[in-house]
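Topology and contacts: notes
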Amino acid sequence: LAKTTQPISMDSYEGQEVNITCSHNNIATNDYITWYQQFPSQGPRFIIQGYKTKVTNEVASLFIPADRKSSTLSLPRVSLSDTAVYYCLVKYSGTYKYIFGTGTRLKVLA
Amino acid sequence: GAVVSQHPSRVICKSGTSVKIECRSLDFQATTMFWYRQFPKQSLMLMATSNEGSKATYEQGVEKDKFLINHASLTLSTLTVTSAHPEDSSFYICSASGTGLPYTSTDTQYFGPGTRLTVL
């Protein structure tokens, strides 16, 4: 059974680094892991995407271990405006279905 | 780049009526479009996947005669909720993936802003 799980919520203070992990067993071998940010009543916004090891862009880093059974989104120096729900999205092997993670509600405190 | 629009953003209708939601990719060719449904404080649930010019593939438990999906061009997909009832009230979000986008794979999904449907 394909399961994509994330911690339900996290609190952090402004300026801290936040790491959010997504556990995804049995994902498709040749597919990417993608992370999104969602604010209330809005569609998810693309943050970062990776296949293996480490990917970095101007807003985040993504760490993927060799077994690809999990991935970690790293947000450096968060601000109040980073308060949102963060989702991972993966495609599972066999079914080749896209499944969103359960979502992590990040609250950044002043 | 990778802009997806949805219209309308919000709709209120009476029970028994049909509602059409449009999803457009504005600056790329969307070879595949997806429709999701999201209830409050829950994750997104995939309803169906459509490829341009083909019939949509519906997820288990989604009634294809109730949620009609058309993907007639590389920039437009529509979702029609037929004979809507209060239990169909939800946040509907489309996404698109395709060609002509730099730095990401052709499978990367870009999402529209969503449509809030309220059925009275």
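See above for the structure.
Note that residues are indexed from 1 along each chain, following the sequence as it is written. Here the convention is simple: chains get letters from A, ligands get numbers from 1, in the order in which they are written. Two thresholds apply to this predicted model, a pLDDT of at least 70 for residue-level local features and 80 or more for giving and counting side-chain atom pairs, whereas whole-chain, interface and lining totals are computed over all residues. Side-chain numbers here rest on the full set of heavy atoms in the structure, without hydrogens or water.

Some thoughts on the interface of chain B and chain A
Rule in force here: In what follows, residue pairs with any heavy atoms lying within 4.5 Å of each other are defined as contacts. The salt bridge criterion pairs a side-chain nitrogen of Lys or Arg with a carboxyl oxygen of Asp or Glu, the two atoms within 4 Å. Here a polar contact is taken to be a pair of N or O atoms separated by no more than 3.5 Å, where protein atoms must pair a possible hydrogen donor with a possible acceptor and residues adjacent in sequence count only if both atoms sit in side chains. A run of DSSP states H or I qualifies as a helix once it reaches four residues; a run of E qualifies as a strand once it reaches two. Both are numbered from the N-terminal end. Three classes are used, and their members are as follows: Ala, Val, Leu, Ile, Met, Phe, Trp, Tyr, Cys and Pro are nonpolar, Asp, Glu, Lys and Arg are charged, and the others, Gly among them, are polar.
At the interface, 21 residues of chain B touch 19 residues of chain A. The salt bridge partner of E59(B) is K97(A), with a shortest N-O separation of 3.1 Å. Run the count over chain B and chain A and you get nine residue pairs in polar contact (both at pLDDT 80 or more). Elements supplying a minimum of two residues to the side of chain B that touches chain A: β4 (29-38), β9 (90-99) and β10 (110-111) of chain B. For the side of chain B that touches chain A, the leading source of residues is β4(B), giving three residues. Residues of the side of chain B that touches chain A, tallied by class, amount to nine nonpolar, eight polar and four charged.

Here's the deal with the packing of aromatic side chains
For clarity, the threshold we go by: Between 30 and 60 degrees the pair is tilted, below 30 it is stacked and above 60 it is edge-to-face, where a pair is any two Phe, Tyr or Trp rings, Trp via its six-membered ring, whose centres lie within 6.5 Å. Partly exposed describes any residue whose relative accessible area lies between the buried limit of under 20% and the exposed limit of over 50%, with all areas from a 1.4 Å probe on protein chains only and scaled to the type maximum.
Evaluated as defined, the whole model comprises 12 aromatic pairs over all chains. Summarising the aromatic geometry, the rings of Y36(A) and F111(B) are spaced 5.1 Å apart at their centres and angled 85° between planes, so their arrangement reads as edge-to-face. Here Y36(A) is found in strand β4 (residues 33-38), whereas its partner F111(B) is found in strand β10 on a different chain. Pair check on accessibility: Y36(A) and F111(B) agree, each one buried.

Some thoughts on unusual backbone geometry
That bond from H7(B) to P8(B) is cis: its omega, 0°, falls within 30 degrees of zero. With respect to the helices, strands and loops of the structure, P8(B) is situated in the loop between β1 (4-7) and β2 (10-13). For R77(A), which is not glycine, the phi torsion reads 50° and is therefore positive. One can find R77(A) in the loop between β8 (70-75) and β9 (84-91). In this structure R77(A) comes out as exposed when scored by relative accessible area, which is 64%.

A look at the pairing of strand β5 (residues 45-50) of chain A
Residue and element names in this part refer to chain A. Basically, it comes down to this: Pairs of strands are assigned from DSSP output, requiring at least two bridges between the strands.
Relative to β5, β4 is paired through five bridges, and the arrangement is antiparallel. Directly across from Q37, in β5, lies its bridge partner R45. Joining the antiparallel neighbours β4 and β5 is a turn of six residues, in which S41 adopts a positive phi near 60°.

Observations regarding the sheet that holds strand β3 (residues 18-24) of chain A
Residue and element names in this part refer to chain A. Strand order across the open sheet formed by five strands is β1-β3-β8-β7-β6, with antiparallel pairing between neighbours. Across the chains shown, the open sheet's two edge strands, defined by having one partner strand only, are β1 (4-5) and β6 (53-56). Taken together, the two bridges between β1 and β3 define a ladder with antiparallel strand orientation. Within β3, the residue paired with T5 across the bridge is S23.

Some points on the state of the cysteines
We apply this condition: The disulfide criterion is simple: two cysteine sulfur atoms within 2.5 Å.
Scanning all chains against the criterion turns up two disulfides over all chains. A disulfide bridge connects C22(A) with C88(A), and the sulfur atoms are separated by 1.9 Å. Here the disulfide of C22(A) and C88(A) is right-handed, its torsion about the S-S bond being about 45°. Of the two residues, C22(A) sits in strand β3 while C88(A) sits in strand β9, which places them 66 residues apart along the sequence. The buried category is assigned to C22(A), whose relative accessible area is 0%. For C23(B), the disulfide goes to C94(B), at an S-S distance of 2.0 Å.

Considerations on the side chain of R68(A)
Residue and element names in this part refer to chain A. Put simply, the test is: Counted as positive: Lys and Arg. Counted as negative: Asp and Glu, with His and the chain ends omitted from the count.
Mapped onto the fold, R68 is located in the loop between β7 (61-64) and β8. No salt bridge is formed by the buried R68, whose closest oppositely charged neighbour, D31, lies at an N-O distance of 6.9 Å. Look past the residues within four positions of R68 in its chain and what remains in contact with it is H24, I27, A28, T29, N30, D31, I33 and Y51.

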